[in-house]
Structures are given as C-alpha cells and as structure tokens.
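Examination of the molecular architecture
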Amino acid sequence: MEIRNVKGTHDIFGEDSRIYGYIYDNFVAFASSYNAKHIIIPVIEQSDLFQRGVGEASDVVRKEMYTFLDKGNRSITLRPEFTAGIVRSFIQNKMYATMDLPIKLYYCGPVFRYERPQAGRYRQFEQLGVEFLGSDSEMVDVETISLAYNFLKSIGLGEIVVFKINSLGDEETRDNYRLALKEYFKEHLENMCNDCKNRYELNPLRILDCKVEDDKKYIVNAPKINDFYSSNSKIRFEKTLRALDILKIPYVVDNTLVRGLDYYSETVYEIHFKDEDIGALGAGGHYSNLIEELGGPKLSGVGFSFGIERLLSLFKDKNPYYKQVIEQEQIVYIMPIGEESVLKGMEIASKLREEYIPCEMCFDNVKFGAMFKKANRLHASYALIIGEEEIKNDTYKIKDLESATQIEVSGEQLIDKIKQLFFHL
C-alpha cells in the first residue's frame, strides 16, 4: 500500500519552494531593519501554556489543539500559535531583566490546528511573524503594522491589501462591553448555535467572531465597542490611527473585529485582500496582560503573524511579476567534456561555492545541445565550458545564456571574472 502524507499536511517543493524562500528572505530583511532578532522555540509545549495564554473560550483551545499525554503522563500540545510560546521563553529566560525593552523578535516555523482541511487551510502550516515585548506605547503597535505593510510591499502585494483595525480597549472598556453584550444576547441566545452559548458564559466578545450564517443577523445589531471606550483607550486609538495616516498605510476601522485569541487588548488588526473576501492573510494585535498571566512582570506586547501558504497562493494569483521572481536566480552551469574535465569542473565548482556563487555541473555523457537545454531549464545565467583544450591552455569559455555572447578567460582570472559578472563589480 502506498504511504501518503497525513490528511491536512502538504509538501512544499519546486516552484512553490522558491517562492517560499523569496517570501521568507524578504520578511527576514524587513524584520531585521526594525532591529528584530530571530527566535526559535520548541514545537511542543505544556498544554497549560495555551489554556492559560490563548484562553479557554477560544476555538483554538476548545476545538483545534493537538494534545496528547507523553510517556511521563504529562499533557503536551503541538503549538497552535507562536505568541504564548515566545512569551513563555521571554519570562523563563528573564529577557526583560537582561535586555533593553522593547525586545523585538521574529520567527518562522510550523503550527498545528485540527480543523477541516480546505483550499489554503492545512492542519500543519507555516507561520512567520514578530513579537515586540516590553513596551506599552501605541507607537510600538504602529511599528508592527508598518513592518507588516512594508514586507507585503516588498513582495508586490502592498497595493492590493487593506488593514482592518479595531480597538478592544483596556480592562475598564472590556468589562463594560461584556456586560452590554450579555444583556443584548440573552434575548437571542436560545436561537443561536451551541458555540455561542458557550462563548456567552466564557467570553461574550467571542460571539462577535461567530461564522454561523443564522447567527449573523443577531450579531450585526449588537452593541459596538467604540461606544464603551474609556478616555484612555479612545485617545490611544486616535493616536494609532493618526500615525497610520501619516505613514500612508491603508486601513478601515471595523468595530466588530475581535480576533480569535483571548489575550488581545487595545489595538487589533487583520490584513485582507481589497477586492475579494478570501479571509485574513495575516493578523495581529496588542496584549496588556498575557505576560503577567503567564508568570512574568506586568509588561505589554504586540505582534502579528502570516500564514505562508496564504501568502504563497496570493503571490502566485495576484502578483503579475511572480514568474520573474522564479526565474531571477543566477546560476553557473558547468559543462565538462571528458573525465579529466569533470575533475577540473568539480575543482572550479568548489571555488565558486566558497564565494557563494551557485553552480551546477553536468555529470552525464551527453552532447552540447542537451547540456544547453538543461542549463535553460535550470534558468542558468552562464555556462562554463571545460574541455581538453581549455585545460591544456588554462583558458575557459564563459557563455552568457541570455545574450548568447561568449568570452574567454584565463584560469587565473576565472573566479574573479565570474564574481564580477554575478555581483556586478
């Protein structure tokens, strides 16, 4: 019987792998430009971390976590998101005591959620994102939105997205809003789904995120959180929006946006495609109490994440230049003729790779025409021809495969000449 991948997982290879690398490289470049540092955390954590951190009212904890008992009878969970694990590391390693705040971290890796697989949704998928920890300033919130937007611009998606943004306010705001929601929904609750009945008891804000079509007619007329802002939360949100206006970041205020995780407070946001409802491409927000709830000091944080699979799909569908990205990789294709030429070619390839110049070599006994066809399939920029005559004279032919021009270079100058061609020196 053929062994296949587990339902809800998928393989990334070929063209998709190259786009993945392009997206990741651009993200790292922009995260680094905001002085964010890379963090790697375990895939498995104690289940209590997510129950306490993400919130028992969230669908992630109630329905979607991969949780199991290990051989020591400890409850372990495959991470369903990164924030709680990064905050755990921040506290455990006492980063707040040894490093200047805010501490800016970026990450990339797999997360696991048991949900129904569908187009663009998997049970194991890749997330990349940031967490900026230790500052309560609304300007740090704005920095994360700016980072997310500039990253999307760098991969050609900036013009087709919009940020949906809301404020969940401070504790005073949310306490008053919860009371108003409970008062409103108690008249409709018997006609709503079982999930909403549970959310009513655990966290009525979660009802606003219900996807059941029959429940939406009740949700649309529910009280709006902006009517309950404390003076501090109102001023904070106004400052945030003013900063986004100055930075020319496209946004719309959506007072129904609550996000799917319970730790958020103050500013929350989702990134959407402008012209079509295909769900959020990424999302993030501020959290005031999560660090303290997990045993750390009373410090705030803010972060966002993207699902790489969603970005990859949108990049291919909506970026008219994506083929250029796939084909822009430079490579030298080495064409040896004869056994001695293969050994010489391997020697040259080793020197090129030491200079971070990618190269490939033909080991098959085929004609020149077949070698050139393979070079074209690899999107090689240059072909390096090595035969007995070239070795004897220590002179080699470099062919530019785009312009079809060819030059001869001495062995002494060969590596430097290829470096000049590659890096435009």
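All of the points below concern the structure found in this document. (Residues numbered from 1 in each chain as written. Predicted model: local features only at pLDDT ≥ 70, side-chain atom pairs only at ≥ 80, totals over all residues. Heavy atoms only, no water.)

**Some remarks on the packing of aromatic side chains**
Inspection of the entire model under this criterion finds 17 aromatic pairs. With a centroid separation of 6.4 Å and 85° between ring planes, the pair formed by Phe27 and Phe304 is classed as edge-to-face. Placement of Phe27 in helix α1 (residues 14–33) and of Phe304 in strand β11 (residues 301–307) is noted, with a sequence separation of 277 residues between them. Taking the relative accessible area as the measure of exposure, Phe304 reaches 2% and is therefore buried. Plain terms: the ring middles of Tyr177 and Phe228 are 5.5 Å apart, the flat faces sit at 45° to each other, and that makes the pair tilted. Here Phe228 lies in the loop between α9 (216–219) and α10 (231–246) and Tyr177 lies in helix α7 (residues 171–185), a separation of 51 residues in the sequence. Its relative accessible area of 1% is what places Tyr177 among the buried residues. Every member of this aromatic cluster is reached through a ring pair, and the members are Phe27, Tyr106, Phe151, Phe304 and Phe306. (Phe/Tyr/Trp six-rings, centres within 6.5 Å; stacked < 30°, edge-to-face > 60°. Helix = DSSP H or I, 4+ residues; strand = E, 2+ residues; numbered from the N terminus. Buried < 20%, exposed > 50% of the residue type's maximum accessible area, 1.4 Å probe, protein only.)

**Regarding a negative patch on the surface**
Taken together, Glu339, Glu340, Glu388 and Glu389 make up a surface patch of like negative charges. Of all the secondary structure elements, the ones that give two or more residues to the negative patch are α14 (339–354) and α16 (388–393). The residue Glu388 is located in helix α16 in this model. Residue classification places Glu388 among the exposed residues on the basis of a relative accessible area of 65%. (Patch = residues over 30% accessible without salt bridge, like charges linked within 9 Å, V, L, I, M, F, W, Y side chains within 5 Å. Areas by Shrake-Rupley, 256 points an atom, 1.4 Å probe, with all protein chains shown as cover. Salt bridge = Lys/Arg side-chain N within 4 Å of Asp/Glu carboxyl O. Lys, Arg positive; Asp, Glu negative; His and termini not counted. Charge placed at Lys NZ, Arg CZ, Asp CG, Glu CD.)

**Description of the state of the cysteines**
Using the criterion set out here, one finds zero disulfides in the structure. For Cys362, which is in no disulfide, the shortest distance to another cysteine sulfur is to Cys359 and amounts to 13 Å. (Disulfide = S-S within 2.5 Å.)

**Points about a nonpolar patch on the surface**
Where nonpolar side chains cluster on the molecular surface, the patch consists of Val43, Ile44 and Phe68 and spans about 230 Å² of accessible area. Note that Val43 resides in the loop between β1 (37–38) and β2 (44–46). On the basis of relative accessibility, which here comes to 31%, the residue Val43 falls in the partly exposed class.

**Overview of the nonpolar core**
Of all hydrophobic cores here, the largest spans 94 residues; its most connected members are Phe27, Phe151, Leu152, Phe185 and Phe306. Broken down by element, this core gets its largest block of residues, eight residues, from helix α6 (residues 138–154). Membership of the second largest hydrophobic core comes to 18 residues, among which are Leu352, Met361, Ile386 and Ile418. (Core = buried A, V, L, I, M, F, W, Y, C linked by side-chain atoms within 4.5 Å.)

**Points about the packing of α1 against helix α12 (residues 308–318)**
One way to put it is that α1 packs onto α12 with a least axis distance of 10 Å and a crossing angle of 105°. With respect to α12, the axis of α1 lies roughly perpendicular. Note on element contacts: α12 touches α1 through Ile308, Leu311, Leu312, Phe315 and Lys316, opposite Glu15, Asp16, Ile19, Tyr20, Tyr22 and Ile23. Among the residues making up the contact of α1 with α12, the classes are represented as eight nonpolar, no polar and three charged. (Axes fitted to C-alpha atoms, helices over the stretch in contact; angles between N-to-C directions. Parallel < 35°, antiparallel > 145°, perpendicular 65-115°, else oblique. Contact = heavy atoms within 4.5 Å. Nonpolar A, V, L, I, M, F, W, Y, C, P; charged D, E, K, R; others polar.)

**Considerations on the pairing of strand β12 (residues 332–336)**
Summarising burial for β12: five of the five residues are buried, a large majority. Of the two faces of β12, both are covered, the one formed by Val332, Ile334 and Pro336 as well as the one formed by Tyr333 and Met335. Where β12 and strand β13 (residues 359–361) come together, three bridges link them in parallel fashion. Bridging across to β13, Val332 finds its partner in Cys359. In the classification by handedness, the crossover that spans β12, the intervening α14 and the parallel β13 is right-handed. Summarising the sheet, β12 and strand β14 (residues 382–386) pair through five bridges and their orientation is parallel. Looking at the pairing, Pro336 lines up with Ile386 of β14. (Pairing = 2+ DSSP bridges. Right-handed = clockwise from strand over helix to strand, strands pointing away.)

**Describing the packing of α14 against helix α17 (residues 414–423)**
Contact geometry of α14 with α17 gives a least axis separation of 10 Å together with a crossing angle of 50°. As the angle between them shows, α14 and α17 are arranged oblique. As for how α14 packs across α17, the hand of that crossing is right-handed. In contact with Ile348, Lys351 and Leu352 of α14, α17 contributes Leu414, Ile415 and Ile418. Tallied by class, residues from the contact of α14 with α17 come to five nonpolar, no polar and one charged. (Left-handed = near helix turned anticlockwise from the far one by under 90°.)

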